[in-house]
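Close look at the chain arrangement
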Amino acid sequence: MRLRHEQPADHDAVRDVHLRAFGEHDHGPVVARLVDDLRAEATLSLVAEDPDSGRILGSVMFTPALLDAPLRLLDVQVLSPLAVAPAHQRQGIGQALVREGLRLLTERQVPLVFLEGDPGYYPRLGFTPGGDHGFRKPSLRIPDAAFQVVRLPAYEPWMTGTLVYSRTFWQHDCVGLR
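My aim in this report is to walk through the structure given alongside it, one point at a time.

What counts and what doesn't
Residues numbered from 1 in each chain as written. Predicted model: local features only at pLDDT ≥ 70, side-chain atom pairs only at ≥ 80, totals over all residues. Heavy atoms only, no water. Helix = DSSP H or I, 4+ residues; strand = E, 2+ residues; numbered from the N terminus. Buried < 20%, exposed > 50% of the residue type's maximum accessible area, 1.4 Å probe, protein only. Areas by Shrake-Rupley, 256 points an atom, 1.4 Å probe, with all protein chains shown as cover. Lys, Arg positive; Asp, Glu negative; His and termini not counted. Charge placed at Lys NZ, Arg CZ, Asp CG, Glu CD. Core = buried A, V, L, I, M, F, W, Y, C linked by side-chain atoms within 4.5 Å. Contact = heavy atoms within 4.5 Å. Expected span 1.5 Å × (residues − 1). Arc of directions from axis to C-beta. Phe/Tyr/Trp six-rings, centres within 6.5 Å; stacked < 30°, edge-to-face > 60°. Salt bridge = Lys/Arg side-chain N within 4 Å of Asp/Glu carboxyl O. Pairing = 2+ DSSP bridges.

Assigned secondary structure in the protein consists of three helices and nine strands. Helices (α) and strands (β) of the protein occur, in sequence order from the N terminus, as β-α-β-β-β-α-β-β-β-β-β-α. Its C-alpha atoms give the protein principal-axis dimensions of about 50 × 35 × 30 Å. Within the protein, the proportion of its 178 residues that are buried is 48%. For the protein, the exposed surface amounts to about 8900 Å²; the carbon and sulfur share of it is 51%. For the protein, the centre of its 19 positive side-chain charges and the centre of its 22 negative side-chain charges are spaced 3 Å apart.

If you want it as structure tokens, here you go:
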């Protein structure tokens, strides 16, 4: 597998991966539309590609958000969404995409990355419950255990407060449980 930045020629394949991973008749269509709209604001969008076939096996996006911290508004990132084609799940592709994204964001001096996700999956990648570190979730619909953060080396102790998602997440109603 080869990890690389998403290119415009990948858009349809990335959309298809999200549709299949999230269920074509479940949340897949909503997530696919979210991906399409987040592209315009994404800080980082990575894909996992099969080097033999050139097929896209997985995708992860990191997009800007704000932390309403006591000293000032702080630019942070949100990891969402992450998807791996169903036939290739449980092979480390998702973990590799997240690790590479966090490495690149560390190089860019990003202090914090937040997500809403499975508390059984993301801790192995360094994520911990946001509430344990004084962070407040942007919606009461987000289960406490799902609201997670990873503090990168640029993090400083004063960086605490309420996460503020970009407008795109709200427009697609992709915040918390429905």
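With omega at -5°, the peptide bond leading from Ser 80 into Pro 81 counts as cis. Mapping Pro 81 onto the fold places it in strand β4 (residues 73-84). The phi dihedral of Arg 90 falls on the positive side, at around 65°, and the residue is not glycine. Here Gln 109, not a glycine, exhibits a phi torsion of approximately 65°, which is positive. Structurally, Gln 109 is set in the loop between α2 (93-107) and β5 (112-116). Taking relative accessible area as the criterion, Gln 109 reaches 56% and is therefore assigned exposed.

Time to look at the nonpolar core. Residues Leu 67, Val 76, Leu 112, Phe 114, Phe 135, Leu 163 and Phe 169 are the most contacted members of the largest nonpolar core, which totals 30 residues. At the level of elements, α1 (11-38), β3 (56-68), β4, β5 and β8 (147-151) are the ones that each hand at least two residues to this core. Ranked by the residues each element gives to this core, the list is headed by α1, at six residues. In this structure Phe 169 touches Leu 34, Leu 38, Thr 63, Val 78, Ser 80, Cys 174 and Val 175, once residues within four positions along its chain are discounted. If you look at the next biggest cluster of nonpolar residues, it comprises 23 residues, including Leu 46, Leu 102, Leu 104 and Val 150.

On to α2. Taking 1.5 Å per residue as the helical rise, α2 with its 15 residues ought to reach 21 Å, and the 21 Å between its terminal C-alpha atoms agrees with that figure. Within α2, burial applies to Ile 93, Gly 94, Leu 97, Val 98, Gly 101, Leu 102, Leu 104 and Leu 105. Taken end-on, α2 shows its buried residues confined to a sector of 165°, consistent with a single buried face. Buried residues along α2 sit in contact with β1 (2-5), β2 (44-49), β3, β4, β5 and β8.

Taken as a whole and assessed by the stated rule, the structure comprises six aromatic pairs. When the centroid spacing of 6.4 Å and the interplanar angle of 70° are considered together, the rings of Tyr 165 and Trp 170 count as edge-to-face. On the basis of relative accessible area, Tyr 165 is assigned to the buried category, the value being 7%. When its relative accessible area of 38% is taken as the criterion, Trp 170 is described as partly exposed. Members of the aromatic cluster, connected to one another through ring pairs, are Phe 114, Phe 135 and Phe 147.

Turning next to the pattern of salt bridges. Counted under the stated rule, the structure contains ten salt bridges. As a salt-bridge pair, Lys 137 and Asp 144 come within 2.4 Å of each other at their nearest N and O atoms. Given a relative accessible area of 21%, Lys 137 falls into the partly exposed group. Three or more residues joined by partner-sharing salt bridges are found here, namely Arg 2, Arg 4, Asp 10 and Glu 49.

With four of five residues buried, β8 lies mostly within the body of the structure. Of the pairings in the sheet, the one linking β5 to β8 comprises five bridges and is antiparallel in character. Pairing of Leu 115 across the sheet is with Gln 148, part of β8.

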